[in-house]
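Chains, contacts and geometry: an overview
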Amino acid sequence: MLPTLRLYRGLQKLPAWDIFHNGSVLVQESASKRPPARLSGWKEIARHLGVSVRTVQLWEDTRGLPVRRLPGVRGGVYALTEELDAWAAGRAAELSHERRRQARERRMTRAALWVAGIAPVAAAGLGGRFWASRSAGIASLRFEGNTVVASGAQGRGLWRLTLKPMEPGTEVVKEQSYLMLANRDGDGRKEAVGGASCRRLNATGGEAVGATIFRISPEGQLLWKRPARPVLRGAGGDPFEGQWGLQAMAMAEGRVRVRVWVGLSHSIRYPGVVAEVMPDGGLREVFANYGHVNSLAAVRREGKTWLLAGGASSALPGGFVAQIDPDKGLSIAPEGGPPRYRFTTRGQARPEVYYHLPLIDLTTAYLEDIQAALAIQVTDSGRGRARFDVGDEGCRVYLEFGPPLRPKAVRISSQCELGYRKFEKTGVIGYPFERCPFLHEPMLVRKWTEKGGWEEVRAPVANMKNTL
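1. Things to note about the nonpolar core
- By size, the foremost hydrophobic cluster in this structure holds 45 residues, and its most contacted members are Val262, Val274, Phe287, Ala309 and Tyr354.
- Of all the elements, strand E13 (residues 244–253) adds the most residues to this core, at six residues.
- Among residues more than four places away in sequence, those in contact with Val274 are Trp261, Val262, Arg284, Glu285, Val286, Phe287, Val293, Leu296, Leu307 and Ala309.
- Val321, Ile376, Cys436 and Val445 belong to the second-largest nonpolar core, a separate cluster that totals 34 residues.

2. Examining unusual backbone geometry
- We note that Tyr270 has phi near 75°; this positive angle belongs to a residue other than glycine.
- Note on placement: Tyr270 falls in the loop between strand E14 (258–266) and strand E15 (272–277).

3. Considerations on the state of the cysteines
- By the definition in use, this model includes one disulfide.
- In this model, Cys395 is linked to Cys416 through a disulfide, with the two sulfur atoms separated by 2.0 Å. Residues Cys395 and Cys416 are joined through a disulfide that is right-handed, its torsion about the S-S bond being 90°. Taken as a pair, Cys395 in strand E24 (residues 395–402) and Cys416 in helix H8 (residues 414–426) lie far apart in primary sequence, 21 residues in all.
- What makes Cys416 buried here is its relative accessible area of 0%.

4. Considering the pattern of salt bridges
- On inspection of all chains with the given rule, the structure shows 19 salt bridges.
- Ionic pairing is found between Glu276 and Arg259, a salt bridge with its closest N-O pair at 3.0 Å. Of the two residues, Glu276 is situated in strand E15 and Arg259 in strand E14; the sequence distance between them amounts to 17 residues.
- You can call Arg259 buried: its relative accessible area is 1%.
- Across the salt bridge formed by Glu400 and Arg411, the nearest N and O atoms sit 2.7 Å from each other.

5. A closer look at H8
- Look at H8: 19 Å from first C-alpha to last across 13 residues, which is about the 18 Å you get at 1.5 Å a residue.
- All of the buried residues in H8 are Cys416, Gly419, Tyr420 and Phe423. In an axial view of H8, the angular spread of the buried residues amounts to 100°, which keeps them on one side of the axis. Turned more than 90 degrees away from the buried face of H8, the exposed residues are Ser414, Leu418 and Lys425.
- Where H8 is buried, its residues touch helix H7 (361–365), E24, strand E25 (406–412) and helix H9 (437–440).
- Just past H8, the residue Gly427 takes up positive phi, approximately 85°.

Each value, and the rule that gives it
- Residues numbered from 1 in each chain as written.
- Predicted model: local features only at pLDDT ≥ 70, side-chain atom pairs only at ≥ 80, totals over all residues.
- Heavy atoms only, no water.
- Core = buried A, V, L, I, M, F, W, Y, C linked by side-chain atoms within 4.5 Å.
- Buried < 20%, exposed > 50% of the residue type's maximum accessible area, 1.4 Å probe, protein only.
- Helix = DSSP H or I, 4+ residues; strand = E, 2+ residues; numbered from the N terminus.
- Contact = heavy atoms within 4.5 Å.
- Disulfide = S-S within 2.5 Å.
- Salt bridge = Lys/Arg side-chain N within 4 Å of Asp/Glu carboxyl O.
- Expected span 1.5 Å × (residues − 1).
- Arc of directions from axis to C-beta.

And the structure:
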């Protein structure tokens, strides 16, 4: 609680700013519209917020404090006062929520002591067992329709919480919804953090209407539930309204708290966004791609958390895997394709590296224009693989990589061979399977970095003739 109280005091030290309410967040604007000042180093940032250096470093790691880093191995840090003040204003809602949570816990403790004092037999009997089950640690979570169900270590039910539908007549889309256990308060007790895509029921099975994110206390109380709607704007400057679906979720342990990110995709205009879920339910966008974001993974290496995002590219037909620094602000994927595949929202950075897997012959034979990276697995060492699905008959392409996201090899599932032989017989693919370049020659993977632009990388393909 100490860092939160110190933040509150720090807010009192800010210059004379006009504070007004805009929707559900607080926004600060300078009356004189002065250009933002630049603060160099942790000490200046801490002095501006009225807290210690250790506290701002903690906030940067766990709460998304907008701190930027200079290039180079030993590069320093800096921040803009305008961004810091806007971030601090948004923390006011979290401070209020934290106070309500602590007051609620104090009331629950007093109630438990009262029961123990006047009814020891009941407290030791049924009432005691009920209290123990409610306060026991959550071991697993699952959806049952619109209801979140929590179970303990032995599979015993702890609590059930039904989420109110986004709109009347909607239900949770289970395959596009996620539940995670996270120690968001840093108190050692895990709570539920999740997101759910929703659809409206109709005669054809359902229509996507959007997504929500939510946070549930260890005791099963809904702390907040918010619509998951990025503020990203398209080529014409208009927002992407409605039809956002949840495609991926990832979390990583910070120095004190757990950080959570979601991958959101628009089902009509096809952009994808990665956003960090802040403790008060706000979204801080860290990556935008013109094409769906279907998979996420977080890895912590050398004291730093990195995000790996995968999915499809509409601007550059094919699939992609990108490495993102979530602490640099909004990173925008490299542009391509028609002008409509652009964002007018300005980014603060670019991905550290962006790999594009161009369409292969088998993808076009299936009459597809994308081959999305639907899953990413990664170890703490940074080694892992991305799974690209091709067609609808089980063909999977696995791109294996080593740190930092460097392609090492490509492996192909057996269903890919069956697909090739089918299209070979029908004449859709004009060469026999035995001479298929896709399976016998190194695969082309295009690599983009901000410094070097585009370059071609060839990843060897594992087959019966080599020992990859």
